[in-house]
Amino acid sequence: MGYLLAKSYYCHMIRVAVLYQKWLVLNVSVQNLEKLYSIMTSSLKHKPGIKVATDEQHVLLSGVFVKLDIIEGDGGVGTVLDVVFQPGAVPQSYKERFDTVDHENRILEVSIIEGGYLDMGCTSYLNRMHVIEITSKSCVIKSSVIYDVKEVC
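Residues numbered from 1 in each chain as written. Predicted model: local features only at pLDDT ≥ 70, side-chain atom pairs only at ≥ 80, totals over all residues. Heavy atoms only, no water.

*Asks:* Account for the overall build of the chain, with residues named and values stated.
*Replies:* When its secondary structure is counted, the chain shows three helices and seven strands. Taken from N to C terminus, the helices and strands of the chain fall in the order α-β-α-α-β-β-β-β-β-β. Within the span of the chain, comprising 153 residues, buried residues form 33% of the whole. Looking at the chain alone, contacts between residues at least 24 apart form 39% of all its contacts between residues at least 6 apart. Accessible surface, the chain as shown: approximately 9600 Å² in total, 58% of it carbon and sulfur. (Helix = DSSP H or I, 4+ residues; strand = E, 2+ residues; numbered from the N terminus. Buried < 20%, exposed > 50% of the residue type's maximum accessible area, 1.4 Å probe, protein only. Contact = heavy atoms within 4.5 Å. Areas by Shrake-Rupley, 256 points an atom, 1.4 Å probe, with all protein chains shown as cover.)

*Asks:* Break down the side chain of Ser138 for me, with residues and values.
*Replies:* As for its position among the elements, Ser138 is in strand 7 (residues 138–149). For Ser138, the side chain forms a polar contact with the side chain of Thr135, separated by 2.9 Å. Setting aside its immediate chain neighbours within four residues, Ser138 contacts Leu26, Asn27, Val28, Ser29 and Glu133. (Polar contact = N/O pair within 3.5 Å; in protein donor to acceptor, adjacent residues only side chain to side chain.)

*Asks:* Pulling in residues and values, what's your account of the nonpolar core?
*Replies:* One broad trend across soluble globular proteins is that nonpolar side chains are buried collectively. Within the largest apolar cluster, 16 residues are counted, with the highest numbers of intra-cluster contacts made by Leu81, Val83 and Phe98. Those elements that place two or more of their residues in this core are strand 2 (65–72), strand 3 (80–85), strand 4 (93–102), strand 5 (107–115) and strand 6 (122–135). The residues touching Val83, leaving out its near neighbours within four places in the chain, are Phe65, Lys67, Leu68, Gln92, Ser93, Tyr94 and Glu96. In terms of nonpolar packing, the next biggest core, distinct from the first, is built from six residues, Leu26, Leu33, Val131 and Ile141 among them. (Core = buried A, V, L, I, M, F, W, Y, C linked by side-chain atoms within 4.5 Å.)

*Asks:* Which residues make up the pairing of strand 6, and what values go with them?
*Replies:* As paired strands, strand 5 and strand 6 are joined by five bridges and run antiparallel to one another. Bridge pairing in strand 6 links Leu108 to Met129. Sheet topology places strand 6 next to strand 7; twelve bridges connect them, and they run antiparallel. Bridge pairing in strand 7 links Glu133 to Cys139. Hairpin connection from strand 6 to strand 7: two residues lie between these consecutive antiparallel strands. (Pairing = 2+ DSSP bridges.)

*Asks:* Account for the pattern of salt bridges, with residues named and values stated.
*Replies:* Applying the stated rule across the entire model yields four salt bridges. Two residues, Arg128 and Glu109, come together in a salt bridge whose shortest N-O distance is 2.9 Å. Taken together, the positions of Arg128 in strand 6 and Glu109 in strand 5 put the pair 19 residues apart, joining distant regions of the chain. (Salt bridge = Lys/Arg side-chain N within 4 Å of Asp/Glu carboxyl O.)

*Asks:* Can you lay out the confidence of the model for the chain for me, pointing to particular residues and giving the numbers?
*Replies:* Any region with low pLDDT has predicted coordinates that should not be read closely. Taken over all residues, the pLDDT of the chain has a mean of 74, while the share at 70 or more is 67%. At the low end of the mean pLDDT range in the chain sits helix 1 (residues 2–14), at 37; at the high end sits strand 5, at 95. Across residues 1–16, confidence stays below pLDDT 50; counting only partners more than four residues off in sequence or on other chains, it has twelve contacts. (pLDDT = per-residue confidence, 0-100.)

*Asks:* Explain the environment of Gly78 residue by residue, including any values.
*Replies:* Summarising the element assignment, Gly78 is placed in the loop between strand 2 and strand 3. Distance from Gly78 to Asp99, taken between C-alpha atoms, is 6.1 Å for residues 21 residues apart in sequence. Each residue touching Gly78, except ones within four places of it in the same chain, is listed here: Glu72, Arg97 and Phe98.

Listed below in structure tokens is the structure:
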């Protein structure tokens, strides 16, 4: 009986959302970081289905992504991207959706909606990025990952 209770409790604990948080301090002003974001998303203002990698973006993305295609949207809430990373990356690929795009508070929330960590046992996976200005020449990116995993019992 004690084993069944422990097993039931353990299974319940596994289903609880897990939060991973990381703080990245940059010697870059918030304005320059916003310019970088603008460059990376400028192609999203065009028609869905285009490749994101313009000449400027290619320099920024070439070491990270093999492919970064817009499935739908314009860079705002609801935009869906098809993301493929360089060989050896884990996960190799997934589709993600922009759930929150708050320019005023500098918050971006993105959910994986297909592949990636969902194929690895997560039932949901959300990446939340919040840019916080420290000085006129530096900022912090607070990155949080919130995910649920499948019940294993």
